[in-house]
Every structure is written in C-alpha cells, then in structure tokens.
Amino acid sequence: MANIILVGSQWGDEGKGKVVDIYTEFADVVIRFQGGGNAGHTIVIGDQQIILHQIPSGICHPDKLCIIGNGMVLDLETLVEEIELLRKNGYFFDDSQLLISEEVHLVMPYHRLLDVGKEKKAGDKKIGTTGRGIGPAYADKINRTGIRFIDLFDENVFREKLEINLAEKNPYLANQLDQPECNGNELFEKFTALGENLKPHLTNTSVTINRLIQEGKNILFEGAQGALLDIDHGTYPYVTSSSTTAGAACTGCGIGPTKIDGVVGIVKAYSTRVGEGPFPTEQHNEIGERLQEHGKEFGATTGRPRRCGWIDTVVLRHAVRVNGLTSLALTKLDVLSGMEKIKICRAYRIDGCEVAEFPANIQKVADSAPVYEEVEGWNQDISAVRRNEDLPSAAKNYINVLQELLGVEFILISVGAKRDGTILLKNPFTLERI
Ligand code: GDP
Ligand code: IMO
Ligand code: MG
C-alpha cells in the first residue's frame, strides 16, 4: 500500500526500464507521467530485448495495469507500432491492461518536422534532440494551442485546432525550415481513425488513479529522462522540454503530493549523456571508450553513441535534492569490473574554488574541473552475483563511498541487463529487507 516514484538521477538511460520491470513484481499499477517517445526504456527477458518508448515498462507483466498519464505527450502513430511490437513478442494481448488519459496532449507529424527542421537550422547550436517532436508538442501545450486526445472525438474542435496550427506552422516549415507542409484533411482522417482505434484505452485516468490509491494498491510512477535533463533543474537549454523530476508525477497524473510515499533515484555506476551540453566528468580517452563499449552505450531511441565518463556526485546530490530521493538503485555496476582504479567526482573546481552544488550557469559547469576521489577497482566478473555479501570488497566499498557522499541508501544493485542480474536488497514499497 504505497505510491512510489522512480526517476533518473543523471542524464537519462540509467536503466529505469529494467528496474521498473523488476519492481512491477511488487506493484499493482505502473504509470508514465511525462516525456514521450524520446524515452527508450529497455527490458531484457531471457534472450528477448524490448525497448519501450511510451508504454510503461510494467507492460510485460500481464496481470499488471499500465497507465499513460496526462503529463505525457503522446505520438499515436508510434504508439500503435509499439503495441504491435509488444504483441509480436508475446505481450499485451488484453486491451484493458493499458489506460490512456483523455487529457494527454498529442505529438502531431508537424511537431516532428519542426523538431528536426529547427535542429538542422541550428547547426552547431543544436540541442541534439531525439527528433521525436517533444519540444514543439510541449510548446503548443503551454501555448494553449495543443491538441488533446479527447479533441479527436469532436469533429469541429479537431478541425478548428488543426486549421489554426497548420496556418501557423506550414509557412514556417516550408519557408524557414525547408521541411514539407502538412495536409489538414490527411491529418484529420488519419488521427480520427487512430483515435477510434485507441478509444477503448481512453479514460479519465486521474479518477482511476485516485480510486486505485484509495483501494490501497501499490503504484509505481515511472519517470523518463533524468534530473539533469529537467526543464527547470537541468543543464538548460540542453535539456528536454518536460519536468523530469519527481514533482511532475503529481501534475502528470492528476494526484496530490500528499499521496506520495517515496522516491527512488536510478543511478548508473558511471555517467553518460546523449546529445549536446556540458558534462564535466566526460572522458575523451580510453576510459570513455571502454565504458561505452562494455556498457553498450548506444541510445535506445536514436542509436547514437552515448558520451561516457566517471560518476559525478555533484550531479547526484543535485538529483537527491530536487527529487527528494528516499532511496537509490545502482545499475550497471558490472560494467566497471576490470578497472584498476575508479574515480568518483565529489566536487567541482571553478575559478579556483571548490564547489559542492551544481551551478545554474552552464558555462561554469562546462568550465569546471572535477575534483576526484579514487577508489580501488575489482577484477572479478560480478554479473553472476546475486547477494550483496558476495560482491568483491572493492565493489562494496564503491557502493559505501557513494552512499556516504549522497546520504541516501541503495536498495537495489543491478549487475546485468537481464531480469535476474539483480541484487534486490529491499522491497521498494515496504522498505523491508528481501
Ligand atoms: P533507461 O532509459 O533508463 O530505461 O535506460 P536504457 O534502457 O536507455 O539504457 C540502459 C541500458 O543498459 C539498456 O541497454 C539495458 O538493457 C542495460 N542495462 C540495464 N541495467 C544493466 C546492468 O545492470 N548491467 C548491464 N550491463 N546493462 C544494464
Ligand atoms: P530515457 O527515458 C537520454 C535528451 C536528448 C537531448 C535532449 C532533448 O530513455 O532516459 P528531446 O528529444 O527530449 O527534446 O531531446 O534530451 N534525451 C534523452 N537522453 N535518455 C532519454 O530518455 C532522453 N530523452 C531525451 O538526447 O539531449
Ligand atoms: Mg533510455
């Protein structure tokens, strides 16, 4: 009987999908509350790898309910593909397993074209977005010109909104961004059909979620991206266009903050980042290459190689604070096996001073020199370890040093991409030892 938010603590791709899949065992309901198809959450079950972009990562548990909350921006065309892919892999045959908020804003084809066109035009000033239309879709939402799922079922409203949007966007696409224009009638036909197709999933999810909370269900809120990609708390403007931190779970689902019992931060054992923007502990050397290769660090959405570097506790303490993290899950610890020494960034040196808090000025972040603490590495392959006590002492020490620097406890250690590559220390809902 608890409601737990799970969020990324770095620049995304921490292994949220894997941990959500594991935690779904303990949950009744899994809910996505922000972001959209920019997310790529990987689950590995046996030899099968499934990458989820918009559907919550609990979907491979047939007896658990998944919900797409109002705070997401939903691309119906790719949602249909995601559903088909799940069915091909033997999952999600019961339509009632997925509910979608009728208030959710839609990512339209013109959002994707705007995203890609603006990035191209920006040249070396680009953000390095996933090209999924996320920024333009959230911009329309805030600008009050967005199209919500419920709008598809009122012909006049939908036509009028399309007309207003295309009158503004088509000339901009064609004249400024060198992108094709969108045809209003085609969009109307296509999205009306998609809406009818997906209608069985549609409901007032705020009412449903609040009822489930009242019934005492265990609810897991699945964040996308990570704290440093948050629109307010990240390395702005090199961020995504949503609030990726824990507070967004409430607004993104239509529940009150009084209902939240805990927040789990997912922490990768080193740092990665896709796209542009400052990254103080990035390693442009054989260490970075080794992490990239051993960690198979390629974007789950775009396939781009991820930039890699040492773990950064300035970043992580920032994530602890802005999310109010109550526990942590450490992932990809196995990737560090075989490194003689491991570095942990504990502060930044900026203009000759040691700084412990993440600076708001991203130029300062970019110019900062990480202050490292070095710990011993371990040689053993730890991917088969299933109990904390069986980890090499150097790995246990690494975890302890992090825990001390962050002041929050690790309740899960992940040592492999598969479900069973996991050391479960505590039940995330009850915090009882396992
Ligand atoms: P997410 O966006 O936070 O869900 O993370 P991604 O799925 O984008 O990236 C994490 C990658 O690491 C995926 O390929 C996972 O299969 C993989 N992974 C997750 N946990 C572990 C782990 O403990 N060890 C290893 N070696 N791989 C992991
Ligand atoms: P998950 O949920 C890593 C990054 C993009 C880019 C910036 C803005 O899998 O952790 P956007 O398309 O959102 O406008 O791009 O944010 N980005 C992610 N990086 N993991 C993600 O999601 C990301 N979603 C967006 O690379 O730098
Ligand atoms: Mg990802």
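Residues numbered from 1 in each chain as written. Chains lettered and ligands numbered in written order. Predicted model: local features only at pLDDT ≥ 70, side-chain atom pairs only at ≥ 80, totals over all residues. Heavy atoms only, no water.

(A) Region of interest: the domain arrangement of the chain. Domain annotation for the chain reports domain 1 (3-96 + 204-424) and domain 2 (105-200). The interface of domain 1 with domain 2 comprises 27 residues on the first partner and 23 residues on the second. Between domain 1 and domain 2 the total buried area reaches about 2,100 Å² when both faces are included, carbon and sulfur atoms providing 60% of it. When the buried surface of domain 1 facing domain 2 is broken down by residue, V73, L76 and E77 rank first, second and third, together holding 32% of it. The interface formed by domain 1 and domain 2 holds 10 residue pairs in polar contact (both at pLDDT 80 or more) in total. Looking at the side of domain 1 that touches domain 2, the elements with two or more residues in it are β6 (73-74) and α2 (76-88). Of the residues in the side of domain 1 that touches domain 2, the class split is 10 nonpolar, 13 polar and 4 charged. (Domains from an automatic or database assignment. Contact = heavy atoms within 4.5 Å. Buried area = accessible area lost by both parts, 1.4 Å probe. Polar contact = N/O pair within 3.5 Å; in protein donor to acceptor, adjacent residues only side chain to side chain. Helix = DSSP H or I, 4+ residues; strand = E, 2+ residues; numbered from the N terminus. Nonpolar A, V, L, I, M, F, W, Y, C, P; charged D, E, K, R; others polar.)

(B) Up close: the sheet that holds strand β2 (residues 29-32). Taken in spatial order, the 10 strands make up an open sheet running β9-β7-β5-β2-β10-β1-β11-β15-β19-β20, and their pairing is mixed. A strand with exactly one partner marks an edge of an open sheet, and here the two such strands are β9 (202-203) and β20 (422-424). Two elements, strand β5 (residues 65-68) and strand β7 (residues 98-101), share 3 bridges in a ladder whose sense is parallel. If you follow C66 over to β7, its bridge partner there is L98. (Pairing = 2+ DSSP bridges.)

(C) Fine view of the site of ligand 1. As a matter of local geometry, ligand 1 sits amid 19 residues, with K16, G17, T42, D334 and S414 nearest to it. Interatomic distance of 2.8 Å between a backbone N/O atom of G40 and an oxygen atom of ligand 1. Here an oxygen atom of ligand 1 sits 2.5 Å away from a polar atom, N or O, in the side chain of S414. Relative to its unbound accessible surface of 580 Å², ligand 1 loses 91% to contact with the protein. Elements supplying a minimum of two residues to the shell around ligand 1: α1 (16-23) and β3 (41-45). (Near = heavy atom within 4 Å. Areas by Shrake-Rupley, 256 points an atom, 1.4 Å probe, with all protein chains shown as cover.)

(D) Inspection of the packing of helix α3 (residues 109-122) against helix α5 (residues 155-176) at higher detail. Relative to each other, α3 and α5 sit at 30 degrees, their axes nearing to 11 Å. As far as their axial angle goes, α5 and α3 are roughly parallel. The hand of the α3/α5 crossing is left-handed. Residues Y110, L113, L114, K118 and K121 of α3 pack against L162, N165, L166, K169, Y172, L173 and Q176 of α5. Class assignment of the residues belonging to the contact of α3 with α5 gives a composition of 7 nonpolar, 2 polar and 3 charged. (Axes fitted to C-alpha atoms, helices over the stretch in contact; angles between N-to-C directions. Parallel < 35°, antiparallel > 145°, perpendicular 65-115°, else oblique. Left-handed = near helix turned anticlockwise from the far one by under 90°.)

(E) Molecular detail of the nonpolar core. Judged by nonpolar contacts, the single largest core of 57 residues is most densely connected at L76 and F149. Setting aside residues up to four positions removed in sequence, L76 forms contacts with L106, F149, L152, F191, L194 and L198. In this structure, I31, L316, V375 and L391 belong to the second largest nonpolar core, which totals 56 residues. (Core = buried A, V, L, I, M, F, W, Y, C linked by side-chain atoms within 4.5 Å. Buried < 20%, exposed > 50% of the residue type's maximum accessible area, 1.4 Å probe, protein only.)

(F) Quick look at the coordination of the magnesium ion (ligand 3). Coordination sphere of the magnesium ion (ligand 3), protein contribution only: D13 (OD) and G40 (O), at 2.1 to 2.2 Å. With D13 in the loop between β1 (3-8) and α1 and G40 in the loop between β2 and β3, this residue pair connects regions lying 27 residues apart in the sequence. (Donors = N, O, S within 2.8 Å, 3.2 Å for Na, K, Ca; no water.)

(G) Inspection of the site of ligand 2 at higher detail. Residues in contact with ligand 2 amount to 20 residues; listed here are only the nearest, K16, H41, T130, Q225 and T240. A distance of 2.8 Å separates an oxygen atom of ligand 2 from a polar backbone atom of D13. Notes on ligand 2: free accessible area 550 Å², of which the protein chains cover 98%. Taken together, the residues of the shell around ligand 2 break down into 7 nonpolar, 10 polar and 3 charged. Lining the shell around ligand 2 are residues from two domains, each supplying at least three of them: domain 1 (3-96 + 204-424) and domain 2 (105-200).

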